Amino acid sequence: MSNRRAGYRTLTTHRLFWPVVVLVVMLAANTVYRPGFLSVQMRDGHLYGSLIDILRLSAPLILVALGMTLVIATGGIDLSVGSLCAISGAIACLYISRQPDQNSLGGVLTALALGVGVALVLGAWNGVLVAVIGIQPIIATLILMVAGRGLAQLITEGQILTINSGPYKAIGVGHLLTLPLAIFIALAVALLVAAVTRRTALGMIIESVGGNAQASRLAGLRSGRITFLVYVISAACAAVAGFMITANVSSADGNAAGLWVELDAILAVVIGGTSLAGGRFSLGGTILGALLIQTLTTTVYAMNISPQTSLLFKAVVVIAVCLIQAPGFRARFARRRAPAAAPAPATEQPKEQVPA
């Protein structure tokens, strides 16, 4: 019995236990509301269904959240990822729209290279502001968050830039091996980030910098370079997510593309068990958090919750997940439920015998 209790306690105290429980509950609620929610069908050689849609639509958020995980692991924050999505997508769509043949694979690859290149430059800008100049991350990235939207509007000239490119559209809605191509792109990036951070010393160095940057610097680590690097990686992930977002609708909207995705990414990282204070991080937890948020969004739409209350509904669910996941909250709740222990009866001490 004691071993079973210990195993149950180990399971419930795992940082991913409660996010998995909430995800399963939401899937069950959707199944009750729509009995065919879990069904997957094969049509024209492609798999379709609500679960497939959740995976496809969560791919951009997974990409942004992976980069955000590394930034938060160093004790920073990147509020500019939404603007970077809009900028990279706008640059790619603008270049494709000016090509005589928008279906040219070479033209699409050049557009993608231009979008990623500009995003890397802007990510390096964030890294310089934080790691070299020493500006607080929330302020440094807030600058690009605001200015980046204006830059995306300048690129599109304040209009919705529409394209008709089959290869570019495939990034968002194309298929490979019966599954959406976006799933494979997100999986490839996740495996690449995991290989770089878990198969090399980079992940441990990032955690060391996030835990104590000053001590890491005294130990010989170049914490400034690591901080600079994670902002560049975050920008690259945001650029790929921007391609997916614009490819889904075959158009670039500098004002709406990637809007508030940075907040969803931060929530995904926190739900996945990474502390905002920096230090240890979990890539698997981040992916789980992104899937949970997208499932929540799908649930809101499926249950016909009004747009006026959908954001409030999402906020309540996210707060509940964060609370039940917090060890301090669970410990305090358990202490309140535990019955007060009865005081032990006082035992009378025997009197010492006084020798005659």
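A few points on the structure. All values reported here derive from a predicted model rather than from experimental measurement.

Calculation notes
Residues numbered from 1 in each chain as written. Predicted model: local features only at pLDDT ≥ 70, side-chain atom pairs only at ≥ 80, totals over all residues. Heavy atoms only, no water. 1 Å grid on protein atoms, 1.4 Å probe; cavity = no way out; pocket = protein on both sides within 12 Å on 5 of 7 lines; lining within 4 Å. Points joined across faces, edges and corners; volume = space filled by probe spheres on them. Helix = DSSP H or I, 4+ residues; strand = E, 2+ residues; numbered from the N terminus. Nonpolar A, V, L, I, M, F, W, Y, C, P; charged D, E, K, R; others polar. Phe/Tyr/Trp six-rings, centres within 6.5 Å; stacked < 30°, edge-to-face > 60°. Lys NZ or Arg CZ within 6 Å of the ring centre and 35° of its normal. Core = buried A, V, L, I, M, F, W, Y, C linked by side-chain atoms within 4.5 Å. Buried < 20%, exposed > 50% of the residue type's maximum accessible area, 1.4 Å probe, protein only. Contact = heavy atoms within 4.5 Å. Salt bridge = Lys/Arg side-chain N within 4 Å of Asp/Glu carboxyl O. Pairing = 2+ DSSP bridges.

With that out of the way, let us pick up the layout of surface pockets. Roughly 1100 Å³ of internal volume is contained in the largest pocket. Of all the elements in the fold, those that place two or more residues in the lining of the largest pocket are helix 3 (50-73), helix 11 (223-249), strand 6 (251-252), helix 12 (261-271), helix 13 (283-302) and helix 14 (307-325). The element that contributes the greatest number of residues to the lining of the largest pocket is helix 14, accounting for 8 residues. For the lining of the largest pocket, a count of residues per class yields 24 nonpolar, 8 polar and 4 charged.

What follows deals with the packing of aromatic side chains. In total, this model carries 0 aromatic pairs according to the counting rule given. Taking NZ or CZ as reference, Arg43 lies 4.6 Å from the ring centre of Tyr48, over its face. When the ring centre of Phe281 is taken as origin, the NZ or CZ atom of Arg198, which lies over that ring, is 4.2 Å away.

What follows concerns the nonpolar core. Within soluble globular proteins, side chains that are nonpolar tend to cluster in buried spots. Residues Val64, Met68, Tyr168, Ile171 and Ile206 are the most contacted members of the largest nonpolar core, which totals 77 residues. Sorting elements by how many residues they give to this core places helix 3 first, with 12 residues. Excluding anything up to four places from it in sequence, Val64 contacts Val81, Cys85, Ala238, Ala241, Val261 and Ala265.

Right, let's talk about the side chain of Ser83 for a bit. Structurally, Ser83 can be placed in helix 4 (residues 81-97). A relative accessible area of 2% means that Ser83 is categorised as buried. Residues contacting Ser83, with those up to four places away along its chain left out, are Leu144, Met145, Gly148 and Arg149.

Let us now look at the pattern of salt bridges. In this structure the tally under the stated criterion is 1 salt bridge. Among the ionic pairs, Arg198 bridges to Glu207, the shortest N-O distance being 3.3 Å.

The side chains of a regular strand alternate between both faces of the sheet. Sheet topology places strand 1 (residues 40-43) next to strand 2 (residues 46-49); 4 bridges connect them, and they run antiparallel. Of the residues in strand 2, the one forming a bridge with Gln41 is Tyr48. What sits between strand 1 and strand 2 in their antiparallel hairpin is a turn of 2 residues, with Asp44 showing a positive phi close to 55°.

Interpretation in functional terms is not warranted from these geometric data alone.
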